[in-house]
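# Per-entry structural report
Chain by chain, the residues:
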Amino acid sequence: MYNVLAIMLQYISGLIMYSYLISKYKGIDLKKIRDGNPGSSNVWRALNWRWGLLAMILDYFKGTLPLFLFVITGSVTNKCIIAFAALSGILGHSFSPMLRFKGGKAIATTFGAWTVLTKWEVPLLLGAIFTLYGLIKKGKKSVEEDAFRVLLGYTLLIPYILYKSLNGEIHLLIFYLGSFLIIGYKHWNEWRRYFR
């Protein structure tokens, strides 16, 4: 019962589009900002860093809650169920019924989910990769370059995921593949344009 509840509540948490709600409250249409993505990075661009940071924090925490509460209370202990619940939150964000199933790209939400699954290991790795990429590739980045940074981060995670999977943490491989499919779908056009 708790397993099903964790998956359902995580999905519901994911489908709440905070960036969209913040921008609507401020009278901004995110469809007209940069790539039209209803995510925190476009709130940052359209409004300011304060509203953008708030949107990012809310998107991050919807990747962790309520799943984290199920985990720390011991209500859900099956690691594969935890991985599926984390994926359901990302699905909720990426294909939100609030926006007729046209949600965001789920980067902040994915960071939150990885935090629950790996206790900060993957968010720190991805954060370091993203930061190094930003230092090497200075200046304003195109939508395609941002998408490539995500692909690069996920590709460089492969050794970590394989190591963990070979040491019995197969749920991380399940989550990695599932989240990569979702993120790949949401970034596919930008990746294609980048490699062209």
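Residues numbered from 1 in each chain as written. Predicted model: local features only at pLDDT ≥ 70, side-chain atom pairs only at ≥ 80, totals over all residues. Heavy atoms only, no water.

Take unusual backbone geometry next. Residue L65 is joined to P66 through a cis peptide bond whose omega torsion reads 5°. The backbone phi angle of A106 is positive, close to 70°, even though this residue is not glycine. Counting through the fold element by element, A106 comes out in the loop between α6 (79-94) and α7 (107-118). (Helix = DSSP H or I, 4+ residues; strand = E, 2+ residues; numbered from the N terminus.)

Moving on: the packing of aromatic side chains. Two aromatic rings, taken as a pair, are described by how far apart their centres are and by the angle between their planes. Per the stated rule, a full pass over the model turns up 15 aromatic pairs. Seen in terms of ring centroids, F148 and F195 are 6.0 Å apart; in terms of plane orientation they differ by 80°. Their pairing is edge-to-face. Here F148 is found in helix α9 (residues 143-156), whereas its partner F195 is found in helix α11 (residues 170-195), with 47 residues between them in sequence. Judged by its relative accessible area of 56%, F195 falls in the exposed class. For the pair Y176 and F180, a centre-to-centre distance of 6.1 Å together with 5° between the ring planes defines the contact as stacked. Taken together, the residues span about one helical turn, with Y176 and F180 both in helix α11 at a distance of four residues. Among the aromatic side chains, those forming a connected cluster through ring pairs are Y133, F148, Y194 and F195. The cationic tip of R149 hangs over the ring face of F130; the distance from NZ or CZ to the ring centre is 5.0 Å. If you follow K186 out to its NZ or CZ, it ends over the ring of F95, 5.1 Å from the centre. (Phe/Tyr/Trp six-rings, centres within 6.5 Å; stacked < 30°, edge-to-face > 60°. Buried < 20%, exposed > 50% of the residue type's maximum accessible area, 1.4 Å probe, protein only. Lys NZ or Arg CZ within 6 Å of the ring centre and 35° of its normal.)

A separate point is the pattern of salt bridges. Enumeration over the complete set of coordinates arrives at ten salt bridges. For D146, the salt bridge goes to R34, with nearest N and O atoms at 2.8 Å. One end of the pair, D146, is in helix α9; the other, R34, is in the loop between α2 (18-25) and α3 (40-46), with 112 residues separating them in the sequence. Note that R45 is salt-bridged to D146, the shortest N-O span being 3.6 Å. Placement of R45 in helix α3 and of D146 in helix α9 is noted, with a sequence separation of 101 residues between them. For R45, a relative accessible area of 41% corresponds to the partly exposed category. (Salt bridge = Lys/Arg side-chain N within 4 Å of Asp/Glu carboxyl O.)

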